[in-house]
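Residue-level listing of the chains:
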Amino acid sequence: MFHYEQMHIVIFLITVFRTPMLLENCKMTWWMNALYINNFADVFDICYPPSWFLSVDTQLFWAAPIFLIAIFYSCEQNFLRDLRRTGFGAVIGGIVFSVITTFFLTAYYDLPAVGFTMHASGILDFMTHFYIKPWIRCIPYLIGILCGYFIVQVRNQNIKLRQPKMWELVVCWLFATVIALTVIFSVYNYIRGTSDWSVVVRSLYGSFARIGWSLEFAWVILACTFDWAGPVKAILEHPLWYPLGRLSYCTFLAHWFIMYSVLNGSDGPVHFVSLWHTYLTLTVPVVFLSYVWAYMWSCLVEIPFAKIE
């Protein structure tokens, strides 16, 4: 992880010293970045905006051994017999805690269902109290732990899987697709501002959307692992994604700096013209330049420090 931290520091310093507002924030909250707890600061006080995700990911990484050790010792003798014991109880308990916390925070602060909508009220509270907190983000991580442990048990032949029938695979893929599309498109009218959801509906969506999205991805992972994915596996395992995947961390760190530079590079204010105009003048340039920047800094910083390790 040492070379990842070096990459973080380099891009962090370049961006901060080019942005006076961020420099002032860092004078106050630099120590929170150093301890990976800057996601507990106010959203306006964060040093480098994307760094909140690194803190959440690190905090969940620190917490993961607690669940893994509990699962290991509760299932050491017999996986199926001890299915309901401590380890899985801890994971399910974490998921339930996250669902209850999500529902409560959304209702208490009257938060929007998602962070980017035509409903302007509550978005900053959504980011500060909800979006960047580990107890909100933990559901995909916990489901991923269960998914990973299940794969290990199958490979160690502690669980015997039969080859599913074609109709069973079709049903599972259709079910996963419906879940994914529901999570994405059920908020379409709400984001546009043509539908105003009650606080109960917003709380329910926030509580269960991440579960649905995580289960859909868990199915894709399991299907690709056990050769149930057909052409989907061929696409996802194509060599084209290898270099892009290796650059994804640097690209994530660089994208905000690139986006900030592109938006502030014009001689006038930014106006929305159309979706395609935004896509061609902002999205494509930012993605392309982010990968170019990531490749350059990966060669200069990440790879040399990885060799040192």
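Please read these numbers as outputs of a predicted model, since none were measured by experiment.

1. Structural notes on helix α4 (residues 86-109)
Between its terminal C-alpha atoms α4 stretches 34 Å, which fits the 34 Å expected from 24 residues at 1.5 Å a residue. Buried residues of α4: G87, F88, V91, G94, I95, S98, V99, T101, T102, L105 and T106, and no others. Where α4 terminates, the next one or two residues include D110, which has phi positive at roughly 55°.

2. Focus: helix α12 (residues 248-263)
A rise of 1.5 Å per residue sets the reference length of α12, with its 16 residues, at 22 Å; its end C-alpha atoms lie 22 Å apart and thus fit the reference within 8%. Residue A254 marks the point of greatest curvature in α12, where the axis turns by about 40°. When α12 is considered as a whole, its buried residues turn out to be C250, T251, L253, A254, W256, F257 and I258.

3. So, the environment of Y108
Turning to its location among the elements, Y108 is positioned in helix α4. Considering only alpha carbons, one finds Y108 and S203, 95 residues apart in sequence, at a separation of 9.8 Å.

4. Remarks on the UniProt feature "transmembrane region" (unreviewed entry) in the protein chain
UniProt feature "transmembrane region" (unreviewed entry): in the numbering of this structure it lies at residues 7-23, 59-75, 87-109, 134-154, 166-191, 211-229, 241-263 and 275-297. Helix and strand shares over residues 166-191 are 92% and 0% respectively, and the end C-alpha atoms of the span are 38 Å apart. Secondary structure content for residues 241-263 is 96% helix and 0% strand, while the C-alpha to C-alpha distance between its ends is 28 Å.

5. A look at unusual backbone geometry
Phi angles above zero are rare outside glycine, and Y36 is one such case at about 60°. Residue D110 is not a glycine yet carries a positive backbone phi of 55°. You can see D110 is positioned in the loop between α4 and α5 (123-131).

6. Some words on the packing of α4 against helix α6 (residues 134-155)
Following both chains from N to C, one finds α4 and α6 inclined at 155°, their axes separated by 9 Å at the closest point. Here α4 lies roughly antiparallel to α6, going by the angle between them. At the point where α4 passes α6, the crossing takes the left-handed sense. Along the contact surface, α4 presents F88, V91, I92, G94, I95, F97, S98, V99, T101, T102 and L105, while α6 presents W135, I136, C138, I139, L142, I143 and L146.

Calculation notes
- Residues numbered from 1 in each chain as written.
- Predicted model: local features only at pLDDT ≥ 70, side-chain atom pairs only at ≥ 80, totals over all residues.
- Heavy atoms only, no water.
- Helix = DSSP H or I, 4+ residues; strand = E, 2+ residues; numbered from the N terminus.
- Expected span 1.5 Å × (residues − 1).
- Buried < 20%, exposed > 50% of the residue type's maximum accessible area, 1.4 Å probe, protein only.
- Bend = angle between axes of the 7 residues up to and from the residue.
- UniProt positions renumbered as here; feature names shortened; annotations may be inferred.
- Axes fitted to C-alpha atoms, helices over the stretch in contact; angles between N-to-C directions.
- Parallel < 35°, antiparallel > 145°, perpendicular 65-115°, else oblique.
- Left-handed = near helix turned anticlockwise from the far one by under 90°.
- Contact = heavy atoms within 4.5 Å.

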